[in-house]
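# Architecture and fold: a report
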Amino acid sequence: MARTIVITSGKGGVGKSSISVNLACALANQDYRVCLVDADLGLKNLDVMMGLENRVIYDLKDVVDGRCTMDQVLIKDKRCASLYLIPACKTLQFGDFNLEYMQTLVDHFKHQFDYILIDSPAGIEKGFQYAANCADEAIVVVNLDLASIRDCDRVVGLLMKKGIGNISMIVNRLNEDYIQNKTSLTLRDATEILSLPLLGIVYEDAHMIAANNRGVPVYFDDRSILRECFCRIARRLNGENVNYTVSRKKTFLQKLFQK
Amino acid sequence: MKIQVKGINDHLLFVIDETLSEAEVLVGITDWIDNPLLHKEGYFIRAYFDFGQRLLSRQFLFALLDVLTTSQQVLFCGFNQPCPTKTEMTHLSMTIRNGEVVQADEDVVFDGRINPGGYLRVQGNVYALGEVRGVIEVHGPNAHISATHLVDATLCINQKRLEHVSTRTLRLYDDVSHDGDILEGDSDG
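Note that the structure is a prediction, hence the values are computed from the model and not measured. (Residues numbered from 1 in each chain as written. Chains lettered and ligands numbered in written order. Predicted model: local features only at pLDDT ≥ 70, side-chain atom pairs only at ≥ 80, totals over all residues. Heavy atoms only, no water.)

### Section: the UniProt feature "domain: Septum formation inhibitor MinC C-terminal" (unreviewed entry) in chain B
Counted only if it meets this: UniProt positions are given in the numbering used here, feature names are shortened, and annotations may be inferred rather than shown by experiment. Helix and strand assignments come from DSSP, with helices taken as H or I runs of at least 4 residues and strands as E runs of at least 2, each series counted from the N terminus.
In the UniProt entry, the feature "domain: Septum formation inhibitor MinC C-terminal" (unreviewed entry) is given for residues 93–162 of chain B. As annotated, residues 93–162 of chain B has a helix share of 0% and a strand share of 66%, and its two end C-alpha atoms lie 24 Å apart.

### Description of the packing of aromatic side chains
Defined as follows: For Phe, Tyr and Trp, rings pair up if their centres lie within 6.5 Å, where Trp contributes its six-membered ring, and each pair is then called stacked (planes under 30 degrees apart), edge-to-face (over 60) or tilted (otherwise). Classification of residues uses two cut-offs on accessible area relative to the type maximum, computed with a 1.4 Å probe and protein chains only: under 20% is buried, over 50% is exposed, and between them is partly exposed. Two conditions define a charge located above a ring, namely a distance within 6 Å from the ring centre to NZ of Lys or CZ of Arg, and an angle within 35 degrees of the ring normal.
For the coordinates displayed, the defined rule picks out eight aromatic pairs over all chains. Taking the centre distance of 5.7 Å and the plane angle of 35° together, the rings of F49 of chain B and F76 of chain B count as tilted. Taken as a pair, F49 of chain B in strand β3 (residues 45–50) and F76 of chain B in strand β4 (residues 74–78) lie far apart in primary sequence, 27 residues in all. Looking at F76 of chain B, the relative accessible area reads 33%, which means it is partly exposed. One aromatic cluster is present, formed by F14, F49, F51, F60 and F76 of chain B through successive ring pairs. It is R227 of chain A that lies over the ring of Y219 of chain A; its NZ or CZ is 4.6 Å from the centre.

### Quick notes on the sheet that holds strand β3 (residues 75–76) of chain A
Residues and elements named next belong to chain A. Going by this rule: Only strands that DSSP links by at least two bridges are regarded as paired with each other. Contacts are assigned to residue pairs that have any heavy atoms within 4.5 Å of one another. Here an axis means a line fitted to C-alpha atoms, over the contact stretch when the element is a helix, while the angle between two N-to-C directions is reported on a 0 to 180 degree scale.
Strand order in this open sheet of eight strands is β3-β4-β2-β5-β1-β6-β7-β8, and the pairing throughout is mixed. A single partner strand is all that each edge strand has here, and the edge strands are β3 and β8 (198–203). As paired strands, strand β1 (residues 3–8) and strand β5 (residues 115–119) are joined by five bridges and run parallel to one another. Residue pairing across strands places I7 opposite D119, the latter belonging to β5. Across the sheet, helix α6 (residues 146–161) touches β1, β6 (137–142) and β7 (166–174), and the angle it forms with β6 is around 170°.

Right, here's the structure in full:
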């Protein structure tokens, strides 16, 4: 039976989709069967970030309209044999969608996969409600800024009211220079305010942006420290006790000749 | 007046002078019960009887009950009025998150966290032992807030607001006998 996890944040632009894609890749690379669901109806992104845009034949609207079966909507990833994507649909709106569809979809795949990761849209409106109602666990993605932490706190309260007790946190775009300069909040601030277990840290890295633009998840980039971050997050998700990744600090010369 | 009738909350209290004889008491009570002011359509007013320090004979008690049951105007509830319940104190141990509002109608001892955007509203006093970054509102006469760790918190006592409070161990009370301004109590922050 699959673990159904919603990845959410409240605030937009914190990196939910990037985290969803790369975490799914990390889990699939550890031989787990993973289904990634793009719940951002109307603004699909995951297929673009995974480079699977051209492979989308059917989407959620086709499932809703009965033009295809639920199994036909699955898109197999190019790189990971056990990773599948259920893309959203640009034309489907939340008003057209029913929570029961989402629940039926998730229930259908629960026996086929080990993990179902649901990438929730930003905000706390219908999209978030649909995504959260289908999940048994949650991962909240937060940046070390006040707005992100506040919104995340709100979301955590809503998730708890829905009965989701297993909630953990991933801090994205962590920049140690900003923390040292006191430009951003600290990890301790986030963990204290949110009072959630820290599932992992993802450092700020330009490779992430490049990877998203290329349609190749940064997990497959050996040069980036982020691969190690996601590996460890996946292992922690499976219950392993793993140290947090330590960033590779740039030398003076590297900083001097930084492009 | 030898027999006083007091209206207290939702019941009547008949206060009978100890100098009256039993016969006079019965006549007095009968007169009161026959008073149209006590006649309410639809329900019976609850009545308590305070005889003070007097010994009541069995005969008198039966006669009194006879008067009350014959008139059918009040509900006989006993010889002592109910004691007002002591204000209880509630213990809350939770995290109040952004957008959440927790309300209580009595004094609260709070040893959780109030995150920014969280509200604790109390009809009474608040003793906050945990970290407070949100809002504490108290209402009531002599309402006060005692807190050990405030970080940019907002405190509100009877609609009077104090914002961006950051201190350790602060007791605020609203002294209504003076100008009604919020006065700072003990503070070592």
